[in-house]
Amino acid sequence: MELRKLTVEGFINETASSSPAPGGGSIAALNASSSAALIAMVANLTLGKEKYAAVEGDMKEVAAKATALKDDFLALIDEDSNAFNKIMAAFKMPKDTDEAKKARSAAIQDATKGAALVPFKVGQKANELFALAETVITKGNQNAITDGAVAAMNARAAVRGAFLNVKINLGSIKDALFVEDLKKRMAEIEKEVDAREKALLDQVKL
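This one's a predicted model, so the numbers in the text were calculated from it and none came from an experiment. (Residues numbered from 1 in each chain as written. Predicted model: local features only at pLDDT ≥ 70, side-chain atom pairs only at ≥ 80, totals over all residues. Heavy atoms only, no water.)

1. Examining the packing of helix α2 (residues 24–46) against helix α6 (residues 145–170)
Right, on to step 1. At a minimum axis separation of 8 Å, α2 and α6 run at an interaxial angle of 160 degrees. Between α2 and α6, the crossing angle belongs to the class labelled roughly antiparallel. Crossing hand, α2 versus α6: left-handed. Note on element contacts: α6 touches α2 through D147, G148, V150, A151, N154, A155, A157, A158, G161, A162 and N165, opposite G24, G25, A28, N31, A32, S34, S35, L38, I39, M41 and V42.
Right, on to step 2. Among the residues forming the contact of α2 with α6, the class breakdown is twelve nonpolar, nine polar and one charged. (Axes fitted to C-alpha atoms, helices over the stretch in contact; angles between N-to-C directions. Helix = DSSP H or I, 4+ residues; strand = E, 2+ residues; numbered from the N terminus. Parallel < 35°, antiparallel > 145°, perpendicular 65-115°, else oblique. Left-handed = near helix turned anticlockwise from the far one by under 90°. Contact = heavy atoms within 4.5 Å. Nonpolar A, V, L, I, M, F, W, Y, C, P; charged D, E, K, R; others polar.)

As structure tokens, then:
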């Protein structure tokens, strides 16, 4: 099943079901894709307007980048669920001999690393959305400024949500260097996302 091909209602109902996937990681990717879509929308609503002729080039660039990111995040919705399913498949491997147990353990570790790397990618890419949101909020069509603000809010939720899903997987990974590297890279991004969101929301005076 390709989650991104479902209707909105179908996706939400699948999330609400007893199936553990899609879960938080896929929702983080969905939030990021929604953020990118809103940014692209504001940019497109700015293009062709005489009042905003001076920022036409900026808006074309933002629209192109946001659209590409939107598609990346849509793909990551499925990647996250598929990564979880690989862990489940690894746990179902035979363990009736020492050799089988060793192979199963290795497969579980590899799959868990994969399940950590997918949401890490979501959070890392979602952090790129703040710069695009800033451009549409400060330079774009002011009639759609709140859409830019919602994009910033969704970007923060995507980063925070994705990284929570990374962290829960890191607890099962034995490779200490892998774990410490991801923790360090996440901490660097987390330092700034709350402030970046606040700075953008502060510019929306209503």
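2. Quick notes on the packing of helix α4 (residues 98–126) against α6
Right, on to step 1. Running from N to C, α4 and α6 point in directions that differ by 160 degrees, and their axes come no closer than 8 Å. As the angle between them shows, α4 and α6 are arranged roughly antiparallel. α4 and α6 meet at a crossing whose hand is left-handed. Where α4 approaches α6, its residues T112, A115, A116, P119, F120, V122, G123, Q124 and A126 are matched on the opposing element by A155, A158, V159, A162, F163, N165, V166, N169 and L170.
Right, on to step 2. Residues that form the contact of α4 with α6 fall into these classes: 13 nonpolar, five polar and no charged.

3. Brief notes about the side chain of S26
Right, on to step 1. Mapping S26 onto the fold places it in helix α2.
Right, on to step 2. A distance of 2.8 Å separates the side chain of S26 from the backbone oxygen of I77, its partner in a polar contact.
Right, on to step 3. Those residues in contact with S26, other than ones at most four positions away along the chain, are L3, I77, D80 and S81. (Polar contact = N/O pair within 3.5 Å; in protein donor to acceptor, adjacent residues only side chain to side chain.)

4. Notes on the UniProt feature "domain: Cyclodeaminase/cyclohydrolase" (unreviewed entry) in the protein
Right, on to step 1. As annotated by UniProt and renumbered to match this structure, "domain: Cyclodeaminase/cyclohydrolase" (unreviewed entry) occupies residues 7–187.
Right, on to step 2. For the annotated span residues 7–187, helix accounts for 81% and strand for 0% of the residues, and the straight-line distance between the end C-alpha atoms is 35 Å. (UniProt positions renumbered as here; feature names shortened; annotations may be inferred.)

5. Thoughts on the pattern of salt bridges
Right, on to step 1. Evaluation of the coordinates by the stated rule reveals 16 salt bridges.
Right, on to step 2. A salt bridge links D72 to K125, with the shortest nitrogen-to-oxygen separation between them at 3.3 Å. Of this pair, D72 sits in helix α3 (residues 56–91) while K125 sits in helix α4, and the two are 53 residues apart along the sequence.
Right, on to step 3. When its relative accessible area of 22% is taken as the criterion, K125 is described as partly exposed. (Salt bridge = Lys/Arg side-chain N within 4 Å of Asp/Glu carboxyl O. Buried < 20%, exposed > 50% of the residue type's maximum accessible area, 1.4 Å probe, protein only.)

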